[in-house]
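These are the residues of each chain, in order.
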Amino acid sequence: MGDSNGRRTTVELLLAACVLLALLLGVFLGVYIARTRNIALGSGVGDYKLAMPSQILDRKGRLITEFFGDDKRDVVPLSEIPKSLIYALITREDSRFFQHHGFSVRGLVRAAWNIATGQYVSGGSTITQQLAGTLYADRSDRTIARKVKELWWALQLERNLTKNQILELYMNEAFFGGGTHGVEAASQFYFGHSVRDITVAESAMLVIQLANPARYSPSRHPDLARKIQRVVLDEMVRNGYVSRDEADRSFNDYWSDFDYTRPAYASAFEENTSRAPYFSEYVRQELDRTLFGKLDYFRDGLVVHTTLDLDFQKIADDVMRRNLKIINATYKAGSGTRLTTVDREVMPAVSLLALGFDLGALDEARRHRSAQRTQDFLVSSINPILEITSQLFGLDGVKEAANAANRVKKVENEKTTVEDALVTLDNSTGEILAMIGGSSWETSRFNRAVDGRIQPGSAIKPLYYSQAISSGKFTPASRIYDGPIVFYGEDGKPYTPSNFLGEWKGSVLLRTALADSMNVPSLQVLDGIGFDAAIDRMSKLLGMEEEKNNPRVFPRVYPLGLGVMSVAPINMARAYATFANQGQEVDPVAIQYIEDREGNIILEPEKELRAEQKRKGRDLQIMSPQAAYVMVSLLESTVDFGTLAGVPWRIGGFDGMPMAGKTGTTQNWSDAWTVGFSPYYTTAIWFGFDKRGATLGLAQTGATAAGPVWGEYMKAIDKNLPRKDFIMPESGLVRLKVDAESGLLPTSFSKKVIDELFIAGTEPRRFDTLQNYRDTRDAELVRKLQESALIQSLGGTGSGGEPERSADSTPPIPPATPPAPSESAGQKNPLLD
């Protein structure tokens, strides 16, 4: 009986809820019917406002650039849109489009639940509802009221238009990211050709942009975009829209030809002039992410207040451009002229072209046998003529030859042109103050400062050293052996690293090992704390915590400790800024707030970030202030006597401002890094190549190429600031005198005593009792050698035997007992500074 009453009560509650929902829905519909009476259907609703460019201002209110452009909604009839795109759209967005009458009950319930619980995942809107929202509602407003308004207009669309008309209108109005509306503009933007020529794989890629173009951009997040694209294609195969063979072939063709260096977004803004083009494009991407098509920043007259400092940007531009010329010239002087395919195969054709068309410059290049000059002339002067000729006369073979030459030149430039990147952050706020993403915005829109995937080399070492300091297992005075050691990975493979130029120092203290960027001591530190702890700390500092379990990002192999992974300069900058920020997380931010054309503040990204950081509370602290200060001290040593010691001498000092940092040079000297900070700002600088394979040369390392540039720039931006020291915690640290050789407490026999810094409780408690033994042993050894020499001079024989081996020269037992060696070869040994 009780169960029956319970069931009756449940049913009554459900009925009451349904009645209440129906009443609310009726009220909302009545209100909107009244409000929208006599409003004509059409895509022109709301277009009465005069288009105005959006202004992008720096932190001091100075104009950086303006975003403007014609609103290109090139209307394409549904009959000219390939069916693959229509099928992909229906598969991804609304599988029952041709069966429903404008709405989905299941979708509405799901959307209401998401909104009510605050766990927004998907809106549940049909294609018709999405179109209604685009035309007549604010789709960024995730409320039930907006859903009701969408529903009303969706019903009107279904009543007045056919399904094909709705599809055509949707495909010509939908927002696809990058400031593009409609499938034609989007296809031109993402693929460089008309939607009429779109492939099956491109169709799948295009429709996934509808959900979130910032997240699923194939240029910004290719791995994620590839994964979702594959899901859509598989679903299209299951629905019978495309064959498995066609889907697989199109997918493989798409990614085999994919340009991974393409900028994350391009737009009408590219025709505009910016005082900080890479930063401006980064801001535009952030607007795409935050506004999500809600406002058109090309037409709505927004005023975007950013964090950039144009004074810093000008200094960065001047310093980087001037030094990049020197680095490029040094590289080219060292690389010499090599025989290439052009010399062997193109020169005969060049000769024929020169004679047939009287091209004197081309003939001169041929006669001087300059392959590079010839190739440059072909690409810049001959290829445009060939392309026009092929279009006029339909000569596909000529067009393909021109395209092939362009591709060859592009790849060659990526391998032989030194690029650069710079990003500066405020230590305490994470505000981006300056950004350079490459050598030339006109040549390449790829923002290496943000989207680059570059091996950091030894610049990665401080990240896991910080975990070693936090753990208490290591201190700045820990004694570590620098010499040949075999490390065994989790798979049993042996790995034998070398130091820069193959030099060894014997036993050293941890401070010296990091300052001089010694590889074997660093890997002993990594081995001592373990991969789990090291990767956890590295991922948090880099802002890549969601990737920490991804072996492609953080491989659990020892070369990880030498920087054999991929990061962007902005990730490295935020990691180092954390040290200067007393161990608190630093999250880069570019936009302070946004105003509409009437001056109303509509978004405050920086304020929202601060609120989020406040909610994190203790989780914002990646390491203790004490551990962070020890890391600052260690990195100051790099400038004092380590790999950056030559920088102050070259630039005439830092005018008393404390500086700390670290260099990095990757295998084959392909990349040169310096990342460092003052008490005010952190800057990451990189020089290298877009494609691996070339070398900057032995003389151009992180210390010799990037280091002086970093020093000159940091001195300039700190020039007018009052000198201050790095913030030292009031408690929890101990300064102590230790033996410079052993790192233990000194005795009367210590040859050199130094001051060292420790987290309280980790300082040494033992005295160096070995020093007296060493001195006595060495004296006895000298006496025996002298006696032996005297006996030999008298014609006798000594006691024989080899001299006693120095304790410091005896390699210790490797950190762990190695497993049986694998039959496979050991891992490749990178030479890193």
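In this text the structure is predicted, and so the values were computed from the model without any measurement.

Engineer: Tell me about the confidence of the model for the chain, and name the residues and values.
Structural biologist: Looking at the chain as a whole, its pLDDT mean stands at 80, while 70% of the residues score no less than 70. pLDDT under 50 marks residues 117-123. Its contacts with residues more than four places away, or in other chains, come to 10 contacts. Scored below 50 in pLDDT, residues 350-372 makes 30 contacts in the model with residues more than four places away or belonging to other chains.

Engineer: Run through the nonpolar core, naming residues and quoting values.
Structural biologist: Counting 94 residues, the largest nonpolar core has Y464 and L542 as the members making the most contacts within it. Those residues in contact with L542, other than ones at most four positions away along the chain, are I460, L463, F554, M565, V567, N571, M572, R574 and A575.

Engineer: Quick rundown of the sheet that holds strand β16 (residues 681-688)? Include the residues and the values.
Structural biologist: With antiparallel pairing, the five strands of this open sheet are ordered in space as β7-β6-β16-β15-β14. With one partner strand each, in any of the chains shown, β7 (432-436) and β14 (660-665) form the two edges of the open sheet. Across this sheet, the average inter-strand angle for adjacent strands is 5°, counted without regard to direction. As paired elements, strand β15 (residues 672-677) and β16 share six bridges and run antiparallel to each other. If you follow A672 over to β16, its bridge partner there is F687. Where helix α22 (residues 569-580) meets the sheet, its contacts fall on β6 (419-426), β7, β14, β15 and β16, and the angle it forms with β15 comes to roughly 30°.

Engineer: Tell me about the sheet that holds strand β2 (residues 63-67), and name the residues and values.
Structural biologist: The strands that make up a sheet pair up through hydrogen bonds in the backbone, lying either parallel or antiparallel. Spatially, five strands are ordered β2-β1-β5-β12-β13 in an open sheet, and the strand pairing comes out mixed. Both edges of this open sheet fall to β2 and β13 (601-603), since each of them pairs with a single strand only. This sheet shows a mean twist of 25° between the axes of neighbouring strands, independent of strand direction. Along the sheet, helix α11 (residues 277-291) contacts β1 (54-57), β2, β5 (303-306), β12 (591-595) and β13; its crossing angle with β2, the most-contacted strand, is approximately 55°. Across the sheet, helix α23 (residues 605-616) touches β12 and β13, and the angle it forms with β12 is around 130°.

Engineer: Describe the packing of aromatic side chains, and please don't skip the residues or the numbers.
Structural biologist: Working definition: an aromatic ring pair is given by the centre-to-centre distance plus the angle between the planes. If you walk through the whole model with that rule in mind, you get 20 aromatic pairs. With a centroid separation of 5.0 Å and 75° between ring planes, the pair formed by F97 and F98 is classed as edge-to-face. Note on F97: relative accessible area 0%, which makes it buried. Aromatic rings pair up to connect F189, Y190, F191, Y254, W255 and F258 into one cluster. Above the face of the F97 ring, K163 is positioned so that its terminal group lies 4.5 Å from the ring centre. The aromatic ring of Y680 is capped on one face by K724, whose charged end is 4.3 Å from the ring centroid.

Engineer: Could you give an account of the pattern of salt bridges, with specific residues and numbers?
Structural biologist: Within the structure shown, the criterion is met by 37 salt bridges. Two residues, E281 and R284, come together in a salt bridge whose shortest N-O distance is 2.9 Å. With a gap of three residues between them, E281 and R284 both fall in helix α11, about one helical turn apart. Here E281 and R284 have matching classes, each one buried. With its nearest N and O atoms 3.6 Å apart, the salt bridge here joins E419 to R448. Here E419 is found in strand β6, whereas its partner R448 is found in helix α17 (residues 448-451), with 29 residues between them in sequence. Its relative accessible area of 8% is what places E419 among the buried residues. Look at the salt bridges and you will find they share partners, linking D58, K60, R62, D309 and D311 into a network.

Rules behind the numbers
- Residues numbered from 1 in each chain as written.
- Predicted model: local features only at pLDDT ≥ 70, side-chain atom pairs only at ≥ 80, totals over all residues.
- Heavy atoms only, no water.
- pLDDT = per-residue confidence, 0-100.
- Contact = heavy atoms within 4.5 Å.
- Core = buried A, V, L, I, M, F, W, Y, C linked by side-chain atoms within 4.5 Å.
- Buried < 20%, exposed > 50% of the residue type's maximum accessible area, 1.4 Å probe, protein only.
- Pairing = 2+ DSSP bridges.
- Helix = DSSP H or I, 4+ residues; strand = E, 2+ residues; numbered from the N terminus.
- Axes fitted to C-alpha atoms, helices over the stretch in contact; angles between N-to-C directions.
- Phe/Tyr/Trp six-rings, centres within 6.5 Å; stacked < 30°, edge-to-face > 60°.
- Lys NZ or Arg CZ within 6 Å of the ring centre and 35° of its normal.
- Salt bridge = Lys/Arg side-chain N within 4 Å of Asp/Glu carboxyl O.

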